[in-house]
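# Commentary on secondary and tertiary structure
Listed here are the chains, written in short residue letters.
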Amino acid sequence: MDDTLFVVLGTLLGFISGIIPGVGNTIMILASYPLLKDASLLQMLLYYLAIISSSQFSGSVVATIFGVPGESSSLPAVIEGNRMFRGGTGNFAISNAALGSVLGALVAVVAVYSVLPFAIELIKKFYNNNIQLVILVLATTSICFLMGKSILQNIFVFAIGIFLGLIGTNYVPNFIFLPDIIPYQTFPLLLTDLPLFPVIISLYVFPVLLQTNAMFTGFDTVKKYEDKNSFVDHCKEFYKNIASSLRGSAFGCFIGLVPHIGSSVSSNLSYAIEKKFGIKWRQYNDKGDIKTLVAAETANNSTGLVSLLPLILIGIPISASEAMLLGYIDINNYTINYETTVESGMFKTLVIWFIVINVLSFLLAWPLVRYVNILQKINMKHMLWGTGLGLVALTFYLGVKSYEELYYMSVLICLLPLGYWLRKAEPMILMIAFILQDKLFASMHIFYQIHYG
Amino acid sequence: MTTKIKAVAFSLMFSVLSTFALADKPILDVTIPSSSSGNSWAEGNLLSDALNRMGYDSKVVHTKKCVNNLNYMSKDTGRPAVFVRSAKRYIKDESRDCKVEITDKTFLTVFYKRHQTMCIRSDKPFTTISNFLKGKSRVTVASTHSLPDGIFNSLSQQTGVKFVRVSYKGSKNIIKGLIAGDTDLMYSGFTKREIGTDTINCFTTSASKEVGGRVPMNKLFPNWHLNETGSVKYFHAVNIPEDRLTKVKADLAELANDIKIKPYLAKTFMTPGKDIANGRKVFDSHVSIILSTK
């Protein structure tokens, strides 16, 4: 398929993932496996960029009108945007968030190109297994300290992810995990590892859907969206808030590199700082403040490209959706690092498309937002469970394609009780541990062989 | 309107004739029990294209892993195929209890023998192996995880320098490990990648004679049991009717002269199967050498 088609499909599906709260980018990437299984590395990255960028546009629309955050980074839109919507200025909240997102994307491109030559030089000179091990340990374990309510619970969930990742035959180091305890002889397919797709459906998608379903309990909105202002009015309004947007972009670029929580921290921190300034300067509007909203939404979008850098340069993901993407990159046996992305010239193509995607999303979002009232007629709970059932069907399909349908469905069903328990924990921790386990153990083993072998 | 009807009728006739033309061609697919990228995938496509050029109806069947491949081979798909299998893959499959038995009927012919090589970083000075090892008590060697344990033990005993094997997943990562400075040496198959990467210097091969100015390993390490061991790949018959076996064997041997396969083999100094007498014996011997049972 053509690269353009991946961009168009990614943009459209990103819109959908932003519209359905709780589905998010990770689940959308997961559901896209049939599309990505034969894609090139460039197409996979283009598709990913399209999804994460366009979902920001539709996500802030839904957060503003429905008051439900699609992801934790949408909280400022829920607070300020929804207040503005209820006060009758929701149209400006939405347009300014969208314009801010485009500006954030452009600032991110400038920031990335400023640091890229230095980053590559550093990687070339110093990136060996020792450094890789340190980054992997930080990227995987930091999630236990940055997310959720209890560190102990997080460590337990992380350990489960590692345990599941170890099941079967491990290659570096070469061993079969717990051969006397795990019944490999009765179920020989276990030797070939647990398949990624059913594990993620049971232990990430299922608990996330349960969590989102709970958010919709008692949810209702009757107010309709309307916009009687012209495009010029919206641009004039944005011009008044452009300083907040630039501040948000700067935060987004800096904080986007914090593993796992980059986008949510950049968005919420930008919001908090802008609010503090607003109160200090007596500009903050407690009935819905547009400056804080613009700062947060801009930060969110500039994070999108910046947070992709560790994956593109050294192949280490720092968010759940990136980890999912890396899972697919590994399945397709591609190598992702600065040689295959930057030095091959692919990165330039990615950046050009990133700008196109943001402009395209903006142009699409503008006319589409007028039809957002239709969403109020849709039962979101049905949408959520429909997504879940679709993914179960996809699991079966992928099982058939691998001649292992019974194995895929058995793994999915056996892990569902654990997934049900995970609704009270952070399922993302388990997913990261499961996907990165083999890289972490391989790096540790290589470290041991080099220094003590 | 009449023109349109004529065009439709012509198209239908053309497609029916094409189907009959295709039906006349003997079928011979290529099964690949690995990912849809990398060396095996590229080789599968290369072979399938060559078979099509030879007059076969051939496509690549991508079964991803041994278990799936085993399932595919046990099914009567109505499409005979060849499974391109290396000695290393055979050992790996056996160790994972995914046995695909080799018989005189299933072992068709050797595809090629690829030589092994040893490389160092090109920015490090290298004159002779004894100079390289001089003053060192240990040398770390990047190699693929699929090699059996203890392959460098005898080398350590003979040279008095401890050869420490550092296992990487995949041959791409071996080169990266060496360039990044993780290891002193690397040991891997002699492919286009090893030849084309100018940041590494591959100074020896497992060929019995000098290849492209590279000294044979049997001169550097005369007593090492792996000094002439490379990677041998053979064609395994999948559902090929007995009466077609002889013709298929002859055609597979002839593939080495194909316009695309010939330069592919020559570029990396591989020995084509048609130049290897008694292929089955060579393959079995390679398996036992790798397993160090010889």
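Residues numbered from 1 in each chain as written. Chains lettered and ligands numbered in written order. Predicted model: local features only at pLDDT ≥ 70, side-chain atom pairs only at ≥ 80, totals over all residues.

### A word on the overall build of chain A
Convention followed: Strands are runs of DSSP state E lasting at least two residues, helices are runs of H or I lasting at least four, and both sets are numbered from the N terminus onward. We compute the radius of gyration over the C-alpha atoms and compare it with the globule rule, which gives 2.2 Å times the number of residues raised to the power 0.38. Burial in this document is a count-based property: other C-beta atoms within 10 Å of a residue's C-beta are tallied, and the residue is buried at 20 or more, exposed at 12 or fewer, or partly exposed in between, with C-beta positions derived from the backbone.
When helices and strands are tallied, chain A shows 20 helices and two strands. For 453 residues, the compact-globule estimate of 2.2 N^0.38 gives 22 Å, and chain A sits close to it at 22 Å. The buried share of chain A, taken over its 453 residues, is 50%.

### Some thoughts on the overall build of chain B
Formally: Any pair of residues counts as being in contact when their C-beta atoms, constructed from backbone geometry, are within 7 Å of one another.
The secondary structure content of chain B amounts to twelve helices and twelve strands. Going through the 294 residues of chain B one by one, you find that 37% of them count as buried. Restricting the contact set of chain B to residue pairs at least 6 apart, pairs at least 24 apart contribute 73%.

### Some points on the interface of chain A and chain B
Applicable threshold: Gly falls in the polar group here, along with every residue not listed as nonpolar (Ala, Val, Leu, Ile, Met, Phe, Trp, Tyr, Cys, Pro) or charged (Asp, Glu, Lys, Arg).
Of the residues lining the interface, 23 residues belong to chain A; the matching set on chain B comes to 25 residues. Of all the elements, helix α20 (residues 427–452) of chain A adds the most residues to the side of chain A that touches chain B, at four residues. Across the side of chain A that touches chain B, the residue classes tally to eleven nonpolar, eleven polar and one charged.

### Section: the packing of helix α7 (residues 129–146) of chain A against α20 of chain A
Residues and elements named next belong to chain A. Quick reminder of the rule: In this analysis an axis means a line fitted to C-alpha atoms, helices contributing only their contacting stretch, and an angle means the value between N-to-C directions, from 0 to 180 degrees. Small angles under 35 degrees read as roughly parallel and large ones over 145 as roughly antiparallel, with 65 to 115 read as roughly perpendicular and the rest as oblique. When the near helix sits turned anticlockwise from the far one by under a right angle, the crossing is termed left-handed; a clockwise turn instead gives a right-handed crossing.
Orientation of α7 relative to α20, taken along the N-to-C sense of each, is 150°, at an axis distance of 9 Å. Taken together, the axis directions place α7 and α20 in an arrangement best described as roughly antiparallel. Pair α7 / α20 crosses with left-handed handedness. Between α7, through Asn129, Asn130, Gln132, Leu133, Leu136, Thr140, Ile143 and Cys144, and α20, the contact on the second element is made entirely by Ile429, Ile432, Ala433, Leu436, Lys439, Leu440, Ser443, Met444, Ile446, Phe447 and Ile450. Its residues placed into classes, the contact of α7 with α20 shows 13 nonpolar, five polar and one charged.

### What about the domain arrangement of chain B?
Residues and elements named next belong to chain B. Put simply, the rule is: Annotation comment: domain bounds sourced from an automatic or database domain assignment.
As assigned here, chain B comprises domain 1 (24–114 + 230–290) and domain 2 (116–220). If you average the C-alpha positions of domain 1 and of domain 2, the two centres end up 28 Å apart. On the domain 2 side, the residues contacting the ten residues of domain 1 number twelve residues. Looking at the side of domain 1 that touches domain 2 residue by residue, the class counts come to two nonpolar, four polar and four charged.

### Observations concerning the sheet that holds strand β6 (residues 138–144) of chain B
Through backbone hydrogen bonds, the strands of a sheet pair up, either in parallel or in antiparallel fashion. Put simply, the rule reads: Being paired, for any two strands, means DSSP has found at least two bridges between them.
If you trace the six strands from one edge of the open sheet to the other, you get β7-β6-β8-β5-β9-β10 (chain B), paired in mixed fashion. Looking along the sheet, the strands with just one partner apiece sit at the ends: β7 (162–168) and β10 (215–216) of chain B. Where strand β5 (residues 116–121) of chain B and strand β9 (residues 200–205) of chain B come together, five bridges link them in antiparallel fashion. Note on β9 of chain B: the bridge partner recorded for Arg121 of chain B is Ile200 of chain B. Contacts from α20 of chain A reach β6 and β7 of chain B, with the element oriented near 170° to β7 of chain B.

### Notes on helix α2 (residues 24–31) of chain A
Residue and element names in this part refer to chain A. Counting buried residues along α2, seven of its eight residues qualify, which places the element largely inside the surrounding structure. Those residues of α2 not exposed but buried are Gly24, Asn25, Thr26, Ile27, Met28, Ile29 and Leu30. Residues of α2 that are buried sit in contact with α1 (3–19), α3 (33–36), α4 (41–66), α9 (196–215), α15 (320–331) and α18 (380–401).

### Here's the deal with the environment of Asn174 of chain A
Within the secondary structure, Asn174 of chain A is located in the loop between β1 (169–170) and β2 (175–176). The spatial distance from the C-alpha of Asn174 of chain A to the C-alpha of Leu375 of chain A is 52 Å, given a sequence separation of 201 residues.

### Considering unusual backbone geometry
A cis amide bond, omega -5°, links Val172 of chain A with the succeeding residue Pro173 of chain A. Along the polypeptide, Pro173 of chain A turns up in the loop between β1 and β2. At Arg282 of chain A, a position not held by glycine, the phi torsion is positive, near 55°. Within the element layout of this structure, Arg282 of chain A appears in the loop between α12 (262–280) and α13 (290–306). Among the residues examined, Arg282 of chain A registers 6 C-beta atoms within 10 Å and is labelled exposed. One non-glycine residue, Asn278 of chain B, adopts positive backbone phi at about 55°.

### Things to note about the pairing of strand β3 (residues 81–86) of chain B
All names here are of chain B. Most of β3 sits inside the fold, with six of its six residues counted as buried. Here β3 shows a buried face lined by Ala81, Phe83 and Arg85 and a second buried face lined by Val82, Val84 and Ser86. Summarising the sheet, strand β1 (residues 29–32) and β3 pair through three bridges and their orientation is parallel. Residue pairing in the sheet places Thr31 in a bridge with Phe83 of β3. Where β3 lies against strand β11 (residues 231–238), six bridges are found, and the strand directions are antiparallel. The partner of Phe83 across the bridge, within β11, is His236.

### Overview of the nonpolar core
This is how the line gets drawn: Throughout this description, the term nonpolar core refers to a group of buried Ala, Val, Leu, Ile, Met, Phe, Trp, Tyr and Cys residues whose C-beta atoms join them within 7 Å.
In this structure, Leu46, Leu49, Ile200, Val205, Met431 and Ile432 of chain A are the most contacted members of the largest nonpolar core, which totals 124 residues. Val30, Leu108, Phe111 and Ala256 of chain B belong to the second-largest nonpolar core, a separate cluster that totals 35 residues.

### Quick look at helix α6 (residues 90–126) of chain A
Applied cut-off: To estimate how far a helix should reach, multiply one less than its number of residues by 1.5 Å. To get the bend at a residue, fit one axis to the 7 residues ending there and another to the 7 starting there, then take the angle between the axes.
For α6 of chain A, with 37 residues, the first-to-last C-alpha span of 50 Å sits near the 54 Å given by 1.5 Å per residue. At Leu116 of chain A, α6 of chain A shows its largest bend, some 40°, and a proline, Pro117 of chain A, comes one to four positions later.

### Things to note about the packing of α6 of chain A against helix α17 (residues 346–368) of chain A
To characterise two packed helices, one gives the angle between the axes of the helices and the distance between these axes. Residue and element names in this part refer to chain A. With their axes 10 Å apart at the nearest point, α6 and α17 run at an angle of 175° to one another. In terms of orientation, α6 lies roughly antiparallel with respect to α17. Contact with α6, carried on its side by Ala98, Ser101, Val102, Ala105, Leu106 and Val109, involves Val351, Phe354, Ile355, Asn358, Val359, Phe362 and Ala365 of α17 and no other residues of that element. A breakdown of the residues in the contact of α6 with α17 according to their chemical character gives eleven nonpolar, two polar and no charged.

### Observations regarding the sheet that holds β11 of chain B
The six strands lie next to each other as β2-β1-β3-β11-β4-β12 (chain B), forming an open sheet whose pairing is mixed. Of all the strands in the sheet, the pair left with one neighbour each is β2 (60–62) and β12 (271–272) of chain B.

### Looking at the pairing of β7 of chain B
Where β6 of chain B and β7 of chain B come together, seven bridges link them in parallel fashion. Across the sheet, Val141 of chain B pairs through a bridge with Arg165 of chain B, a residue of β7 of chain B.

### Some thoughts on the environment of Tyr184 of chain A
All names here are of chain A. By the element assignment, Tyr184 lies in the loop between β2 and α9. Along the chain, Tyr184 and Ala111 lie 73 residues apart, while their C-alpha atoms are 51 Å from each other. Residues contacting Tyr184, with those up to four places away along its chain left out, are Pro179, Leu190 and Leu191.

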